Amino acid sequence: MANDKEFVKEVTPQAVDFSQWYLDVVLKAELMDYAPVKGCMAIRPYGYAIWENIQQLLGGRIKATGHKNAYFPLFIPQSLLQKEAEHVEGFAPEVALVTRGGGEELAEKLVVRPTSEAIICSMYAKWIQSWRDLPLLINQWCNVVRWEKNTRPFLRTSEFLWQEGHTVHATEDEAEAETLQMLGVYQDFVENELAIPVVAGRKTEKEKFAGALRTYSIEALMSDGRALQAGTSHNLGQHFARVFEIQFQDKDDELKYAWQTSWGVSTRLIGALIMVHGDDRGLKMPPRVAPVQVVLVPILMKKKKEEVLNKARELAARFNGKLRLELDDREGYSPGWKFNEWEMKGVPLRLEIGPRDLENGGVTAVRRDTGEKSFVAEGDLMQQLPLILQDIQENLFEQARQFRQENTRHAEDFDNFRNIISEKRGFVLAHWCGDAACEEKIKEQTKATIRCLPLKELDGVEGPCICCYKGRGKKAYFARAY
RNA sequence: CGGGGUGUGGCGCAGCUUGGUAGCGCGCCUGGUUUGGGACCAGGAGGUCGCAGGUUCAAAUCCUGUCGCCCCGACCA
């Protein structure tokens, strides 16, 4: 269709240039706009609504597991950040520093938080004295700043929004259990609400969080075959407790250092949502997080204009508070224009109501995921719409799951490994001996990194390392990553 | 930090080679006709051409400098 071409011209097809497609979509769907500062963006209402839904759905899970929200300062005295050696080293290059305030040079420079371990630990040291104060389970929603050289909307920005949980426990076992519990919460949330299948696993020493004992992550596969870390959960051990002196007197009267965890997901999830589900026509929002779940477009002909409009308004009012339904009764835009715009924005379900539908006593429903059209009688709407949305949610997950399955391959020798990575991308499962030198060599030669060592034992059998063939180890997930 | 690109009404671009005081498409505003996959007609508003200096009677255009932003790589949620 001529019109189709015209429209599609505004969005670069994925096959032509995936990264340009991504940029076209985030801008045209009005998720964000570039701000005057490099790497910074304004998150527009439609994009922010996704974040609000994430906050609500993930926030609910965080609270349900006993955590409470709190807020800690944006500014961290430089000396605090520098306490934990590995932590400083990891973050120093990307830290923004405030040196002046109130027109004067500051006595101590202030770091703009790149993450809040330091400032939070300094407070926890004051709050914790006894085993009775534990566990301490706190989460905060905030912005953080990391001075990035290479930025991309949502995926890597100089400032981003996230949620960071910081907990303190009496024992190592409890801390480890908490770390894994929250990883599980992330997996459940991302799979069931964002419809993105993920692999849960442990990070290698090289890839772990600066200052952590162990880092776990959930890893997702984007539709261009590159992996994206979608959430991390760290067992901090006693590293921070020791330098910040978070001590408690235990039941046995002894003074002990506490065990800590931290875990976070960021606005990067929005990037994942776009890259996992989107197509050449734009976004495809999973209904559970879609800012608009259903759009109702009245077809306003000269005849029956008022009747159609009245019925549309009546239907919209009926779903008020039950579904996120938007009535698009703007005049001056043709129905076709609206269809395309809402498809670009990824609204899962579109309802059309025109003179014909009025006669037939219902609406025409069109799914964003399959393009399938159906007629729904007015009386069935209340019951049918949630079912269709649920079906769309499941279908999106299933599509993504299938894609991941088709793009997860096993490699038994290095040539095979290299070929898969360079020609097909996706996840590659291969044996790794555990030596950082092999990890590094693989990265240099293929640009693929170890995404994680899966928690779920895949075959569980050890084999010769894909790189050195000498050492033996279990299979790890490799991929080129964002 | 390297490589590339780009800066001209809100957006996308042309004009620059060969200096002569800014144009096109989209969008926007008004009115009318339209409306089942990005409608049409008529009228209209809107730009000291990233910034600074220089050359010239005259600079979007030539020269010098500078800044921003975007993309691709090395480092990272």
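A.B. asks: Please clarify how the overall build of chain A should be interpreted in this entry.
C.D. replies: When helices and strands are tallied, chain A shows 15 helices and 25 strands. Relative to the 2.2 N^0.38 estimate, which gives 23 Å for 482 residues, the radius of gyration of chain A is 25 Å and therefore close to what a compact globule would have. Expressed along its principal axes, the backbone C-alpha trace of chain A runs to roughly 80 × 60 × 45 Å. Counting contacts in chain A only where the partners sit at least 6 residues apart, residues at least 24 apart contribute 69% of the total. Surface accessibility of chain A: about 21800 Å² in total, with carbon and sulfur atoms responsible for 48%. Considering chain A, the positive charge centre built from 64 side chains and the negative charge centre built from 70 side chains are found 3 Å apart.

A.B. asks: Honestly, the sheet that holds strand 5 (residues 96-101) in this entry has me stumped. Any pointers?
C.D. replies: Hydrogen bonds along the backbone pair up the strands of a sheet, which may run parallel or antiparallel. Taken together, the three strands give an open sheet; going across it, the order is 4-6-5, and neighbouring strands pair in antiparallel fashion. Of all strands in the sheet, those bounded by a partner on one side alone are strand 4 (75-77) and strand 5. Strand-to-strand twist in this sheet, taken as the mean axis angle between neighbours without regard to direction, amounts to 45°. Relative to strand 6 (residues 104-112), strand 5 runs antiparallel, the two being bridged by five bridges. Looking at strand 6, one finds that Gly101 is bridged to Glu104.

A.B. asks: Which parts of the structure should I look at to understand helix 9 (residues 268-277)?
C.D. replies: Working note: α-helix, 3.6 residues per turn, so residues spaced by three or four point in the same direction. The element helix 9 is extensively covered by neighbouring structure, given that 10 of its 10 residues are classed as buried. For helix 9, every residue scored as buried is listed here: Arg268, Leu269, Ile270, Gly271, Ala272, Leu273, Ile274, Met275, Val276 and His277.

A.B. asks: What's the story with the packing of aromatic side chains in this structure? I'm lost.
C.D. replies: Two measures describe an aromatic ring pair: the distance that separates the ring centres and the angle between the ring planes. By the definition in use, this model includes 13 aromatic pairs. Seen in terms of ring centroids, Phe72 and Trp127 are 6.0 Å apart; in terms of plane orientation they differ by 40°. Their pairing is tilted. You can see Phe72 sitting in the loop between strand 3 (68-69) and strand 4 and its partner Trp127 sitting in helix 6 (residues 117-127), a full 55 residues away along the chain. Accessibility expressed as a relative area gives 3% for Phe72, which makes it buried. For the ring pair Tyr124 and Trp127, a centre distance of 5.8 Å and an interplane angle of 45° mean the geometry is tilted. Highlighted residues: Tyr124 and Trp127, both in helix 6, separated by three residues, approximately one helical turn. Of the residues examined, Tyr124 reaches a relative accessible area of 0% and is grouped as buried.

A.B. asks: Can you walk me through the pattern of salt bridges in this structure?
C.D. replies: A pair can form between side chains of opposite charge whenever their charged atoms are brought close. Across all of its chains, the model carries 35 salt bridges by this definition. Arg61 is paired through a salt bridge with Glu193; the nearest N and O atoms lie 2.9 Å apart. On the criterion of sequence distance, the pair formed by Arg61 in helix 3 (residues 45-64) and Glu193 in the loop between helix 7 (172-192) and strand 9 (199-202) is long-range, its members being 132 residues apart. Here Arg61 matches Glu193 in class, with each residue buried. Arg156 is paired through a salt bridge with Glu148; the nearest N and O atoms lie 4.0 Å apart.

A.B. asks: Explain the domain arrangement of chain A to me, please; I cannot follow it from the model alone.
C.D. replies: How big an interface is tends to be expressed through the accessible area that disappears when the partners come together. Looking at chain A, the domain boundaries give domain 1 (14-277), domain 2 (294-392) and domain 3 (408-479). The centre of domain 2, based on its C-alpha atoms, is set 49 Å off from the matching centre of domain 3.

A.B. asks: Please explain the pairing of strand 7 (residues 136-145) as it appears in this structure.
C.D. replies: On a regular strand, one side chain projects to one face of the sheet and the next to the other, so that they alternate. The buried fraction of strand 7 amounts to nine of the 10 residues, a majority that puts the element mostly inside the structure. Two strands pair when backbone bridges link them, and strand 3 and strand 7 are joined in this way by two bridges, in the parallel orientation. Bridge pairing in strand 7 links Lys68 to Ile138. Sheet topology places strand 7 next to strand 8 (residues 159-169); 10 bridges connect them, and they run antiparallel.

A.B. asks: Would you take a moment to explain the side chain of Thr215 for this structure?
C.D. replies: Mapped onto the fold, Thr215 is located in strand 10 (residues 214-221). Take Thr215: its relative accessible area is 2%, and that puts it in the buried class. Only 2.9 Å separates the side chain of Thr215 from the backbone nitrogen of Phe209, close enough to count as a polar contact. Sequence-distant contacts of Thr215, defined by excluding residues within four places in its chain, comprise Gly201, Arg202, Lys203, Lys208, Phe209, Thr232, Ser233 and His234.

Each value, and the rule that gives it
Residues numbered from 1 in each chain as written. Chains lettered and ligands numbered in written order. Predicted model: local features only at pLDDT ≥ 70, side-chain atom pairs only at ≥ 80, totals over all residues. Heavy atoms only, no water. Helix = DSSP H or I, 4+ residues; strand = E, 2+ residues; numbered from the N terminus. Rg over C-alpha atoms; globule rule 2.2 N^0.38 Å. Contact = heavy atoms within 4.5 Å. Areas by Shrake-Rupley, 256 points an atom, 1.4 Å probe, with all protein chains shown as cover. Lys, Arg positive; Asp, Glu negative; His and termini not counted. Charge placed at Lys NZ, Arg CZ, Asp CG, Glu CD. Pairing = 2+ DSSP bridges. Axes fitted to C-alpha atoms, helices over the stretch in contact; angles between N-to-C directions. Buried < 20%, exposed > 50% of the residue type's maximum accessible area, 1.4 Å probe, protein only. Phe/Tyr/Trp six-rings, centres within 6.5 Å; stacked < 30°, edge-to-face > 60°. Salt bridge = Lys/Arg side-chain N within 4 Å of Asp/Glu carboxyl O. Domains from an automatic or database assignment. Polar contact = N/O pair within 3.5 Å; in protein donor to acceptor, adjacent residues only side chain to side chain.

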